[in-house]
Amino acid sequence: MDKLIIEGGMPLQGEVQIAGAKNAALPLMAAALLADGQTTLHNMPSLVDVKTMARVIDWTGAKTTFENGSLTIDASDINRIEAPYELVKTMRASFYMLGALLGRAGEAKVSLPGGCAWGPRPVDIHLSGMRALGAEIELDQGYIIAKGPLRGNNVVLDFPSVGATVNLLLAAVRAEGETVLENVAREPEITSLVSMLNSMGARITGERTSTLKIHGVDSLHAVTETVIPDRIEAGTYLVAAALTAGDVTLKSAEPEHLTMVLAKAAEAGVKFTVTTDGIRVEGRGALRAVDVETAVYPGFPTDMQAQWMTLMTGADGVSLVVDTIYQDRFAHVSELQRLGARVSMKENVARIHGPVRMRGAQVMSTDLRASASLVIAALAAEGTTEISRIYHLDRGYENLESKLEMLGAKIKRVSD
Ligand code: EPU
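About the thresholds
- Residues numbered from 1 in each chain as written.
- Predicted model: local features only at pLDDT ≥ 70, side-chain atom pairs only at ≥ 80, totals over all residues.
- Heavy atoms only, no water.
- Helix = DSSP H or I, 4+ residues; strand = E, 2+ residues; numbered from the N terminus.
- Rg over C-alpha atoms; globule rule 2.2 N^0.38 Å.
- Buried < 20%, exposed > 50% of the residue type's maximum accessible area, 1.4 Å probe, protein only.
- Contact = heavy atoms within 4.5 Å.
- Axes fitted to C-alpha atoms, helices over the stretch in contact; angles between N-to-C directions.
- Parallel < 35°, antiparallel > 145°, perpendicular 65-115°, else oblique.
- Left-handed = near helix turned anticlockwise from the far one by under 90°.
- Nonpolar A, V, L, I, M, F, W, Y, C, P; charged D, E, K, R; others polar.
- Arc of directions from axis to C-beta.
- Pairing = 2+ DSSP bridges.
- Expected span 1.5 Å × (residues − 1).
- Polar contact = N/O pair within 3.5 Å; in protein donor to acceptor, adjacent residues only side chain to side chain.
- Phe/Tyr/Trp six-rings, centres within 6.5 Å; stacked < 30°, edge-to-face > 60°.
- Lys NZ or Arg CZ within 6 Å of the ring centre and 35° of its normal.
- Near = heavy atom within 4 Å.
- Areas by Shrake-Rupley, 256 points an atom, 1.4 Å probe, with all protein chains shown as cover.

A. Here's a closer look at the overall build of the chain. Each helix and strand counted, the chain has 14 helices and 24 strands in total. For 416 residues, the compact-globule estimate of 2.2 N^0.38 gives 22 Å, and the chain sits close to it at 21 Å. Across its three principal axes, the chain shows a C-alpha extent of roughly 60 × 45 × 40 Å. When burial is assessed residue by residue, the chain has 56% of its 416 residues classed as buried. Within the chain, contacts between residues at least 6 apart in sequence are counted, and of these 73% link residues at least 24 apart.

B. Looking closely at the packing of helix H5 (residues 124–132) against helix H6 (residues 162–172). Running from amino to carboxyl end, H5 crosses H6 at an angle of 25°, the nearest separation of the two axes being 8 Å. With respect to each other, H5 and H6 are oriented roughly parallel. Along this stretch, H5 crosses H6, giving a crossing that reads as right-handed. When H5 is examined against H6, the residues Ile125, His126, Gly129 and Met130 are found in contact with a partner set consisting of Gly163, Ala164, Asn167, Leu168 and Ala171. A breakdown of the residues in the contact of H5 with H6 according to their chemical character gives five nonpolar, four polar and no charged.

C. Region of interest: helix H9 (residues 259–267). Looking only at H9, the buried set comprises Val261, Leu262, Lys264 and Ala265. Around the axis of H9, the buried residues are gathered within 165° of arc, so they sit on the same side. Directly after H9, the chain includes Gly269, whose backbone phi takes a positive value near 95°.

D. View of the environment of Gly314. Here Gly314 lies in the loop between helix H10 (305–313) and strand S19 (317–322). With 40 residues separating them along the chain, Gly314 and Gly354 place their C-alpha atoms 5.5 Å apart. If near-sequence neighbours (up to four positions away) are discounted, Gly314 is found in contact with Leu243, Leu287, Pro355 and Val356.

E. View of the pairing of strand S21 (residues 349–354). Side-chain alternation along S21 places Ala350, Ile352 and Gly354 on a buried face and Val349, Arg351 and His353 on a face that remains uncovered. In the sheet, S19 pairs with S21 via six bridges, with the strands oriented antiparallel. Bridge pairing links Gly317 to Gly354 in S21. Hairpin geometry of strand S20 (residues 342–346) and S21 is characterised by an intervening segment of two residues between the two adjacent antiparallel strands and by a positive phi of about 50° at Glu347.

F. Region of the structure containing helix H8 (residues 231–243). Helix length check: H8 (13 residues) gives 18 Å between terminal C-alpha atoms against 18 Å at 1.5 Å per residue, within 8%. Of all 13 residues making up H8, 13 are buried, and the element is well covered by its neighbours. With a side-chain oxygen positioned 2.9 Å from the backbone nitrogen of Ile232, the residue opening H8 is Asp230. Of the residues flanking the end of H8, it is Ala245, one or two places downstream, whose phi is positive at about 55°.

G. Main features of the packing of aromatic side chains. All chains considered together, the criterion is met by one aromatic pair. Aromatic side chains Phe300 and Trp308 sit 5.6 Å apart centroid to centroid with 75° between the ring planes, which places their arrangement in the edge-to-face category. When the ring centre of Trp59 is taken as origin, the NZ or CZ atom of Arg80, which lies over that ring, is 3.8 Å away. A cation over a ring is seen here: Lys109 above Tyr143, with NZ or CZ 4.9 Å from the ring centre.

H. Highlighting the site of the ligand. As a matter of local geometry, the ligand sits amid 23 residues, with Asp124, Ser161, Val162, Asp303 and Ile325 nearest to it. Between the ligand and Ile125 there is a distance of 2.8 Å, counted from an oxygen atom to a backbone nitrogen or oxygen. For the ligand, an oxygen atom lies 2.6 Å from a polar atom in the backbone of Ile325. Against a free-state accessible area of 830 Å², the protein chains account for coverage of 86% of the ligand. It is H5 that provides the largest number of residues to the shell around the ligand, a total of three residues. For the shell around the ligand, the class distribution of residues is 11 nonpolar, five polar and seven charged.

I. Structural detail: the pairing of strand S5 (residues 70–74). Burial analysis of S5 places four of its five residues in the buried class, which makes it a mostly covered element. Pairing geometry for strand S3 (residues 38–42) and S5, over four bridges, is antiparallel. Residue Gln38 lies in a different strand from S5, and its bridge partner there is Asp74. Sheet topology note: the strand S4 (residues 63–67)/S5 ladder contains five bridges and is antiparallel. Across the sheet, the residue bridging to Phe66 is Leu71, located in S5. Counting the residues that bridge the hairpin from S4 to S5 gives two residues, and of these Asn68 lies at a positive phi of roughly 45°.

J. Spatial organisation of unusual backbone geometry. Residues Gly148 and Pro149 are joined by a peptide bond in cis, for which omega reads 5°. Looking at the element boundaries, Pro149 is found in the loop between strand S9 (143–147) and strand S10 (154–156). Residues Gly354 and Pro355 are joined by a peptide bond in cis, for which omega reads 0°. Among the secondary structure elements, Pro355 is positioned in the loop between S21 and strand S22 (362–364). Although it is not a glycine, Asn68 adopts a positive phi angle of roughly 45°. In this structure Asn68 comes out as exposed when scored by relative accessible area, which is 78%. Located in the positive-phi region is Ser252, a residue other than glycine, with phi close to 75°. Examined against the element boundaries, Ser252 turns out to sit in the loop between strand S15 (247–251) and H9.

Okay, structure coming up:
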């Protein structure tokens, strides 16, 4: 297993190209299955999760080709309506195959995704929505077996789940009649999916709002789309620049998708300017303690919670970080403590006392964003940090070491 060795203390300096968003790319890939033809997706990040999704899609008989940041998906022939356990267990987003295959073929057999590093992540909202659209759903040996035909209906989501919104959109666009989805997620990744589906010939209104109206159509056609920039990758480099007192331009970052993160950063004393093609972050001056509480978009993203906590270790005062989306997403706390962070936990509330100058140590990655927070901590810490189990990072950060090296970090990957 690979490790990262990081020698901390260097201010990050220069420009970093923000990649296409993982969480936007995965739903677009699933959507390609709804069209009988060849879809092309540009600005695709080269990530393990994207490769896993491509394998899930290939399993159905569709053909994927990844070249120079563009992915083509030829879904002219689908001969299997299944997403197998071996693939789904490694990546929860492969559960999008439920909506995609129901939409395309009227039936699907998709492995239940199971839990993840920070506790259970149920799919009850996905399934009750599918049932409301007329799907017959059964659980058989760990697989959800779903059968259409689907008919439009009014569906009110119990919670604005990103994944359930994606799945229900994929299922409803080719259902008969009109579907109204209420209390849906409004993340930019959902807006980008709605936009691609409409380009494919779907009839969806209510973009960017919490109610989507879908008028079912008989068929959809293949299109060419570009994946939106990754707001979480941008936020991660923003925090790294600020905590290392660096000066980094986040090229192609979309400030509109980062409103809450930028507002909190400004409150904490992080200096940044929006430029014509991104955001320049200048880590000068002291950082102030600022509380955050995660919420659905446009609230503070849970996917930035761990990185924000790391930033707060260097801020003057006491700050609270509350995760309301995932109550147990705090595996990074004990690792940050190994680096010297002063954090105490009570339920889903972390209390951070700053500023401390962290010192290098051996730490372990536990999940994608927790790992990102450790990388940031290591970049700012005095001395050498060794981060093990870094395969989590390869799921969601494209070329992490080379991007950081270009910014002046002393980082290398070694194999055990
Ligand atoms: N939930 C339910 N029932 C459901 C679905 C969700 O109770 O049927 C609950 C979850 O347990 C959680 C909340 O609803 O408490 C939000 O979950 P959501 O369904 O919105 O999350 P997701 O679709 O599984 C996506 C991202 C995650 C990100 C969350 C929240 C993708 C592929 N994944 O997951 O990203 O944390 O939304 O914003 O888009 C990451 O990139 O590191 C990552 C984990």
